[in-house]
Amino acid sequence: MLYDIRLHLHYDYAAAAGGGRHQIRVLPSTIPGVQRVIAASLSFAPAPNERSDFSDFFGNIVTSIAFRDAHDELDIRMSARVSVSRPEPGLDVSPDIGRLRQELAAVRSLASASPHHFLAGSAHSGLDGAITSYAQDSVGTSAAGTAMNLCNRIYRDFTYDGEATTVRTRASDAFRLKRGVCQDFSHIMIAGLRGLGIPAGYVSGFLRTIPPKGKPRLEGADAMHAWVKVWCGRDAGWQEFDPTNGMRASNDHITVGYGRDYSDVAPIVGVLKTTGGQVGEQAVDVIPVVLEKT
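Here the structure is a predicted model, which is why all the values come from computation and not from measurement. (Residues numbered from 1 in each chain as written. Predicted model: local features only at pLDDT ≥ 70, side-chain atom pairs only at ≥ 80, totals over all residues. Heavy atoms only, no water.)

## As for the overall build of the protein
Secondary structure summary: the protein contains 6 helices and 15 strands in total. A compact globule built from 294 residues should have a C-alpha radius of gyration of about 19 Å, and the protein, at 20 Å, falls within 12% of that. Evaluated residue by residue, the protein yields a buried proportion of 49% over its 294 residues. If you take every contact in the protein between residues at least 6 apart in sequence, the share linking residues at least 24 apart comes to 74%. (Helix = DSSP H or I, 4+ residues; strand = E, 2+ residues; numbered from the N terminus. Rg over C-alpha atoms; globule rule 2.2 N^0.38 Å. Buried < 20%, exposed > 50% of the residue type's maximum accessible area, 1.4 Å probe, protein only. Contact = heavy atoms within 4.5 Å.)

## Remarks on the domain arrangement of the protein
Domain annotation of the protein identifies domain 1 (2–84 + 267–288) and domain 2 (97–264). The centre of domain 1, based on its C-alpha atoms, is set 24 Å off from the matching centre of domain 2. Each side of the interface is counted separately: domain 1 has 26 residues, and domain 2 has 28 residues. Contact between domain 1 and domain 2 buries roughly 2,200 Å² in total, counting both sides, with carbon and sulfur atoms accounting for 60%. Interface area lost by domain 1 to domain 2 is led by Phe58, Val284 and Val286, which between them contribute 27%. Where domain 1 meets domain 2, there are 0 salt bridges. Applying the counting criterion to the domain 1 and domain 2 interface returns 6 residue pairs in polar contact (both at pLDDT 80 or more). (Domains from an automatic or database assignment. Buried area = accessible area lost by both parts, 1.4 Å probe. Salt bridge = Lys/Arg side-chain N within 4 Å of Asp/Glu carboxyl O. Polar contact = N/O pair within 3.5 Å; in protein donor to acceptor, adjacent residues only side chain to side chain.)

## Quick notes on the sheet that holds strand 2 (residues 20–24)
The 4 strands lie next to each other as 4-5-2-14, forming an open sheet whose pairing is antiparallel. Each having just a single partner strand, strand 4 (50–55) and strand 14 (268–272) make up the two edges of the open sheet. Direction aside, neighbouring strands of the sheet carry axes that sit 10° apart on average. (Pairing = 2+ DSSP bridges. Axes fitted to C-alpha atoms, helices over the stretch in contact; angles between N-to-C directions.)

## Quick word on the side chain of Ser114
By secondary structure assignment, the location of Ser114 is in the loop between helix 1 (97–105) and helix 2 (129–136). Residue classification places Ser114 among the buried positions, given a relative accessible area of 4%. Excluding residues that lie within four positions of it along the chain, Ser114 makes contacts with Val107, Ser109 and Trp238.

## Concerning the pattern of salt bridges
Side chains bearing opposite charge may pair, as long as their charged atoms lie close to each other. One pass over the full model with this rule turns up 15 salt bridges. Between Arg81 and Asp4 there is a salt bridge, and its shortest N-O distance comes to 2.7 Å. Linking Arg81 in strand 6 (residues 71–84) with Asp4 in strand 1 (residues 2–17), this pair joins segments that are 77 residues apart in sequence. Put simply, Glu50 and Arg68 hold a salt bridge, and the shortest N to O gap is 3.0 Å. Of this pair, Glu50 sits in strand 4 while Arg68 sits in the loop between strand 5 (61–67) and strand 6; the two residues are 18 residues apart in sequence, bridging distant segments of the chain. Taking relative accessible area as the criterion, Arg68 reaches 52% and is therefore assigned exposed. When salt bridges with common partners are traced through the structure, they connect Arg99, Glu103, Arg234 and Asp235 into a single cluster.

## A look at helix 5 (residues 182–195)
For an α-helix, the turn length of 3.6 residues means that residues three or four places apart are oriented alike. Helix length check: helix 5, at 14 residues, gives a terminal C-alpha distance of 20 Å against a target of 20 Å (1.5 Å per residue), a fit within 8%. Burial analysis of helix 5 places 13 of its 14 residues in the buried class, the great majority of the element. (Expected span 1.5 Å × (residues − 1).)

## So, the packing of helix 3 (residues 143–157) against helix 5
The N-to-C vectors of helix 3 and helix 5 enclose an angle of 140°; their axes lie 10 Å apart at closest approach. In the crossing of helix 3 with helix 5, the sense of the turn from one axis to the other is right-handed. Of the residues in helix 5, those touching helix 3 at Thr146, Ala147, Leu150, Cys151 and Ile154 are Phe185, Ile188, Met189, Gly192 and Leu193. The class makeup of the residues in the contact of helix 3 with helix 5 is 8 nonpolar, 2 polar and no charged. (Left-handed = near helix turned anticlockwise from the far one by under 90°. Nonpolar A, V, L, I, M, F, W, Y, C, P; charged D, E, K, R; others polar.)

## Notes on unusual backbone geometry
The step from Ala45 to Pro46 runs through a cis peptide bond, and the omega angle for that step is 0°. Inspection of the secondary structure puts Pro46 in the loop between strand 3 (35–45) and strand 4. Despite not being glycine, Lys178 shows a phi value in the positive range, around 60°. What makes Lys178 partly exposed here is its relative accessible area of 30%.

Now the structure itself:
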C-alpha cells in the first residue's frame, strides 16, 4: 500500500511563552521489509530559533526545536509518502513461554532491538499482579499464540472511550476502568505480556480508517495510533499486534517509532516558559495513493 500522510498539530497558549524547547517524534521511518519512506517534511510556525534532527536510541527520528522569542501558539505540520508492505504471517514457529525464556537468556546483545529492553516494567506499563493474572488466562502453546489470545481478549473485554483516560494514564488504572483508547490497550497488553516473561514494546504510528459504505472520507478523520510489538523468540522475531482492533498489524498500520511505552515515542515533549494552560488540536489524513498505469 502507498499512502500520503498529513499530520497537523496546533497548540494555543493562554499566555505568550517567552521561550521553549521541544522534541517531536512524528516522522515515519524506513523499516526494511516493512515500510519505505519515499519523501517526508516537517515544518513549524513560528519558525524555531534552533532546529536539529537525530535518531534516538530506538532508531526513531527526532526533531529538536527551541524558541527564544515570545509566541502564543505553535503549529506543526508533517507530510510524507510511505509505502507499506508487511509480510503475511507464516507458520507459527515461536516457542512456548518456557522455551522463550531460555532463548531470551541466550541473547547477549543490548542493542536497541534487544528483547532485554522490553521485559521490565516501565513508566506507563508497570508490572501489575492483576494484569498478569488476567494475561495468564491467555497463555497458549506458543509465544505468538499467547500474544494473539491476549490481543483478542483486550479487544473483547475493554470499551473504547476517549473520555475515560489521558496521556498520563497508567496501564494499571486503565485496566481497573476497563475503558480507554489505543494507548491504554497497548499499555495493558505490554504489561500483561511482560508479567508472563514475554518481551513487549510500544509502537506509535498512523492507522488508515475506512469510512462506512457510501460515506465520504472525512478530512482529518484518521488518527495517530498505537499497537504492540512482541518478541516471539529467536526464529519468529518481533511481531506486531493491535489490541484496539483485535488483529495483527496490517498494511493499514504505518509506523512512526518504537519504545518501551508511550513516554519513549510521544509525538511532542518539551518545556515552556509561560503561565497558564494550553489547548491542543490534532488532525490526521492517511490517503491511499493509486498510481495510474501507463
